[in-house]
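Residue-level listing of the chains:
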Amino acid sequence: ETGVTQSPTHLIKTRGQQVTLRCSSQSGHNTVSWYQQALGQGPQFIFQYYREEENGRGNFPPRFSGLQFPNYSSELNVNALELDDSALYLCASSLTAGGRSEFFGPGTRLTVL
Amino acid sequence: KQEVTQIPAALSVPEGENLVLNCSFTDSAIYNLQWFRQDPGKGLTSLLLIQSSQREQTSGRLNASLDKSSGRSTLYIAASQPGDSATYLCAGENSGGSNYKLTFGKGTLLTVNP
């Protein structure tokens, strides 16, 4: 059984650019959630995908979007990057969308200059 | 809207000491309460999960309690070790309709000195 993996590990972008972050969920998990963790803060819920459909969204603007693929891996896309988007982006997978324990990946550190 | 607060923000203790980390939440309709460990710049490792119907969970030197009526949870670490140094995060899981999401506190930065 493999754990949750994320790529890339680190990324540096400039303001206005677009970025795609990737996540492979744990084997057998059909639900993926994305979180943003700014320095010194707790993770903030961005959105969740369940069986390829968005299944809930936090307080993030539409320029944050996502996809989930048939193999349940997922992408987080951020358009028109802003300086405040600099953060650790965490992906978590769970067995179902119904309140099961989430397993987190190591995260992608995004720096926007 | 769920809000989670953790006290203290930072804690420094000598090796061997027993310690308690505190977490409070505003919405008692949580599905479960989780404690996570985060090492600098790394992802989250789940330590303990307490279902809403439970009062506590134990794993090794760790014991977590949940009191939904008062909106509080504590993480007790016995006989602390330098390897316990990390940020500890608590998170309440609530239903948002069709999905369940975690609401995190800002964490407690624990330093255990040899």
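Residues numbered from 1 in each chain as written. Chains lettered and ligands numbered in written order. Predicted model: local features only at pLDDT ≥ 70, side-chain atom pairs only at ≥ 80, totals over all residues. Heavy atoms only, no water.

(A) The arrangement of the interface of chain A and chain B in detail. Listed as interface residues are 22 residues of chain A and, on the opposing side, 21 residues of chain B. When chain A packs against chain B, the two sides together hide about 1600 Å² of surface, and 50% of this comes from carbon and sulfur. Between the two partners, chain A and chain B, sit zero salt bridges. Counting across the chain A and chain B interface gives three residue pairs in polar contact (both at pLDDT 80 or more). Looking at the side of chain A that touches chain B, the elements with two or more residues in it are β4 (31-37), β5 (44-50), β6 (53-57) and β9 (87-94) of chain A. For the side of chain A that touches chain B, the class distribution of residues is eight nonpolar, 11 polar and three charged. (Contact = heavy atoms within 4.5 Å. Buried area = accessible area lost by both parts, 1.4 Å probe. Salt bridge = Lys/Arg side-chain N within 4 Å of Asp/Glu carboxyl O. Polar contact = N/O pair within 3.5 Å; in protein donor to acceptor, adjacent residues only side chain to side chain. Helix = DSSP H or I, 4+ residues; strand = E, 2+ residues; numbered from the N terminus. Nonpolar A, V, L, I, M, F, W, Y, C, P; charged D, E, K, R; others polar.)

(B) Layout of the environment of V78(A). Residue and element names in this part refer to chain A. For V78, the location among the structural elements is in strand β8 (residues 74-78). V78 sits in the buried class, given a relative accessible area of 0%. Taking the C-alpha atoms as reference, V78 lies 8.6 Å from G66; in sequence the two are 12 residues apart. Each residue touching V78, except ones within four places of it in the same chain, is listed here: Q17, Q18, V19, R63, F64 and D85. (Buried < 20%, exposed > 50% of the residue type's maximum accessible area, 1.4 Å probe, protein only.)

(C) Broad picture of the nonpolar core. Membership of the largest hydrophobic core comes to 21 residues, with the highest contact counts inside it found for L33(B), W35(B), L75(B), I77(B), Y88(B) and L110(B). Counting residues per element, the ones that place at least two in this core are β3 (19-25), β4 (32-38), β5 (44-51), β7 (62-67), β8 (72-77), β9 (86-95) and β11 (108-113) of chain B. Here this core takes four residues from β3(B), the largest share from any one element. I77(B) has contacts with E17(B), N18(B), L19(B), R61(B), L62(B), D84(B), Y88(B) and L110(B), leaving out every residue within four places of it along the chain. Core analysis: the second largest hydrophobic core is formed by 19 residues, L76(A), A87(A), C91(A) and V112(A) among them. (Core = buried A, V, L, I, M, F, W, Y, C linked by side-chain atoms within 4.5 Å.)

(D) Up close: the environment of I7(B). Residue and element names in this part refer to chain B. By secondary structure assignment, the location of I7 is in strand β1 (residues 4-7). The exposed category is assigned to I7, whose relative accessible area is 54%. In this structure the C-alpha to C-alpha distance between I7 and K42, which are 35 residues apart in sequence, comes to 22 Å. Excluding residues within four positions of it along the chain, I7 makes contact with L21, N22 and T108.

(E) Structural view of the sheet that holds strand β7 (residues 64-68) of chain A. All names here are of chain A. In spatial order, the strands read β1-β3-β8-β7; together these four strands make up an open sheet with antiparallel pairing. Only two strands of the sheet have a single partner each, and these edge strands are β1 (5-7) and β7. Averaged over all neighbouring strand pairs, the angle between strand axes comes to 20 degrees, with direction disregarded. Two strands pair when backbone bridges link them, and β7 and β8 are joined in this way by five bridges, in the antiparallel orientation. By the bridge assignment, L67 is partnered in β8 with E75. (Pairing = 2+ DSSP bridges. Axes fitted to C-alpha atoms, helices over the stretch in contact; angles between N-to-C directions.)

(F) Spotlight on unusual backbone geometry. P8(A) follows S7(A) through a cis peptide bond whose omega is -10 degrees. By secondary structure assignment, the location of P8(A) is in the loop between β1 and β2 (10-13). With an omega of -5 degrees, the peptide bond running from I7(B) to P8(B) counts as cis. By secondary structure assignment, the location of P8(B) is in the loop between β1 and β2 (10-14). Positive phi, close to 75 degrees, is recorded for E52(A), a residue that is not glycine. Relative to the helices and strands, E52(A) is located in the loop between β5 and β6. Positive phi, close to 45 degrees, is recorded for A80(A), a residue that is not glycine. Topologically, A80(A) is positioned in the loop between β8 and β9. Given the relative accessible area of 42%, A80(A) is considered partly exposed.

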